[in-house]
Amino acid sequence: MIDGTLIEVLPDLIKHATNDTTGAFPLTKGIYLYGGVGIGKSNIIESLRAFSIAIVFKKFSIVNVSDLSIQIKIKKDYSVLEKYESGRWCFDDLGADNTVNTYGNTDDISKLLLFSWYEHQHKQNMTLYATGNEDPETLFDRYQDARFADRFRELFTPVLLTGKSKRKWRFISKKDFLKNGGFGTLKPAVEWSRSDISR
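Reading the values: rules and limits
- Residues numbered from 1 in each chain as written.
- Predicted model: local features only at pLDDT ≥ 70, side-chain atom pairs only at ≥ 80, totals over all residues.
- Heavy atoms only, no water.
- Core = buried A, V, L, I, M, F, W, Y, C linked by side-chain atoms within 4.5 Å.
- Buried < 20%, exposed > 50% of the residue type's maximum accessible area, 1.4 Å probe, protein only.
- Helix = DSSP H or I, 4+ residues; strand = E, 2+ residues; numbered from the N terminus.
- Contact = heavy atoms within 4.5 Å.
- Salt bridge = Lys/Arg side-chain N within 4 Å of Asp/Glu carboxyl O.
- Arc of directions from axis to C-beta.
- Polar contact = N/O pair within 3.5 Å; in protein donor to acceptor, adjacent residues only side chain to side chain.

*Asks:* Tell me about the nonpolar core, residues and numbers included.
*Replies:* Across soluble globular proteins, nonpolar side chains have a tendency to be buried as a group. Phe91, Phe152 and Phe156 are the most contacted members of the largest nonpolar core, which totals 29 residues. Secondary-structure elements contributing two or more residues to this core are β1 (30-35), α3 (65-75), β3 (89-92), α4 (109-121), α5 (136-143) and α6 (146-155). No other element matches α4, which puts six residues into this core. The residues contacting Phe91, other than those within four sequence positions of it, are Val63, Val65, Tyr84, Leu113, Trp117, Leu128, Tyr129, Ala130 and Thr131. By size, the runner-up hydrophobic cluster in this structure holds 17 residues, among which are Leu13, Phe25, Ile31 and Cys90.

The structure is reproduced here in C-alpha cells:
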C-alpha cells in the first residue's frame, strides 16, 4: 500500500535519483525526506539507491547518524566521521538526538556531518540525501545556528511524506511478560505488504 503523499512524489524522487531533468526537484540539490516515524522513509531511500545504480550507474551509501553517534561515544574519537566527508551519501535520521560529549566538549553529530560534507564535497557538484522526522524549520529553531540553516537550504530540497506508521508492536499479558523474562519478550514487528516500497 502506498499512502500519504508518496504516490504523488515518488515519480519525481525516482527522476531525481536517475538524473532525469524532467522531474520537479532540481538536480543541483539533494533531497531531505522527512515525516513521521515508521512511514517508510529509509525503505524509500533504499529503493532510490537501487534505481540510481540500475539506471545511471551511480551509487550512494546510507549511514545512520544515530549509529555514528554511538561509535563516537564508544571510541571517544571523531575520526570516525572522516569516512563521510567525501562521496555520495544518505544521512539517515538526520537531526535525531545525536549529541556526543567527549573530553568536556558537546557536539551534535548531525551538524558536524553536514558541515564536514559541505566543505569537502559541495563544490564538486555532488548531491546529498538525508532522512529525518522533523521539518526543516523545527531543526533550525532547535539548533539556533544560522550557518546550519544556510547550508541546509543550499544542499536540500525538503520533501514531506505523510501516512500511517507501518510499525506495529506485539503486546503480551502481564502474566506472560513476567513468566518469559520481562522486557526481553517485547519485540517490534515491522510488517510490510508486498506492494510496499521495499529493498
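*Asks:* Help me get a handle on unusual backbone geometry, residues and values and all.
*Replies:* Backbone geometry places Asn19, a non-glycine residue, at a positive phi of 60°. Among the secondary structure elements, Asn19 is positioned in the loop between α1 (6-17) and β1. For Phe57, which is not a glycine, the phi torsion comes out positive at approximately 55°. Within the fold, Phe57 resides in the loop between α2 (41-56) and β2 (61-64). The class of Phe57 is exposed, set by a relative accessible area of 71%.

*Asks:* I'd like a description of the pattern of salt bridges, backed by residues and values.
*Replies:* Per the counting criterion, the structure on display carries six salt bridges. Arg151 serves as the salt-bridge partner of Glu119, at 3.6 Å between the closest nitrogen and oxygen. Remark: Arg151 occurs in helix α6 and Glu119 occurs in helix α4; sequence separation between them is 32 residues. Its relative accessible area of 15% is what places Arg151 among the buried residues. The salt bridge involving Glu134 is made with Arg142; its shortest N-O contact spans 2.4 Å. For Glu134, a relative accessible area of 26% gives the class partly exposed. Overall, Arg142 belongs to the partly exposed group, its relative accessible area being 38%. One connected set of salt bridges, linked through shared partners, spans Glu119, Asp150 and Arg151.

*Asks:* So what about α3? Which residues, and what values?
*Replies:* Those residues of α3 not exposed but buried are Val65, Leu68, Ser69 and Ile72. Projected onto a plane normal to the axis of α3, the buried residues spread over an arc of 105° and lie on a single side. The residue sitting at the N-terminus of α3 and contributing the capping side-chain oxygen is Asn64; that oxygen lies 2.9 Å from the backbone nitrogen of Ser66. Lys76, located one to two residues past α3, shows a positive phi value of around 50°.

*Asks:* Could you give an account of the environment of Trp89, with specific residues and numbers?
*Replies:* Here Trp89 shows up in strand β3. Within the structure, Trp89 has its side chain in polar contact with the backbone oxygen of Ser86 (distance 2.7 Å).

*Asks:* Provide a residue-level description of the side chain of Thr131, including the pertinent values.
*Replies:* Relative to the assigned elements, Thr131 resides in strand β6 (residues 129-132). The exposure class of Thr131 is buried, given its relative accessible area of 1%. One polar contact links the side chain of Thr131 to the main-chain amide nitrogen of Asp93, over a distance of 3.0 Å. For Thr131, the residues in contact, after removing those within four places along its chain, are Tyr32, Leu33, Lys41, Ile45, Cys90, Phe91, Asp92, Asp93 and Leu94.

Nothing here speaks to function; it is geometry throughout.
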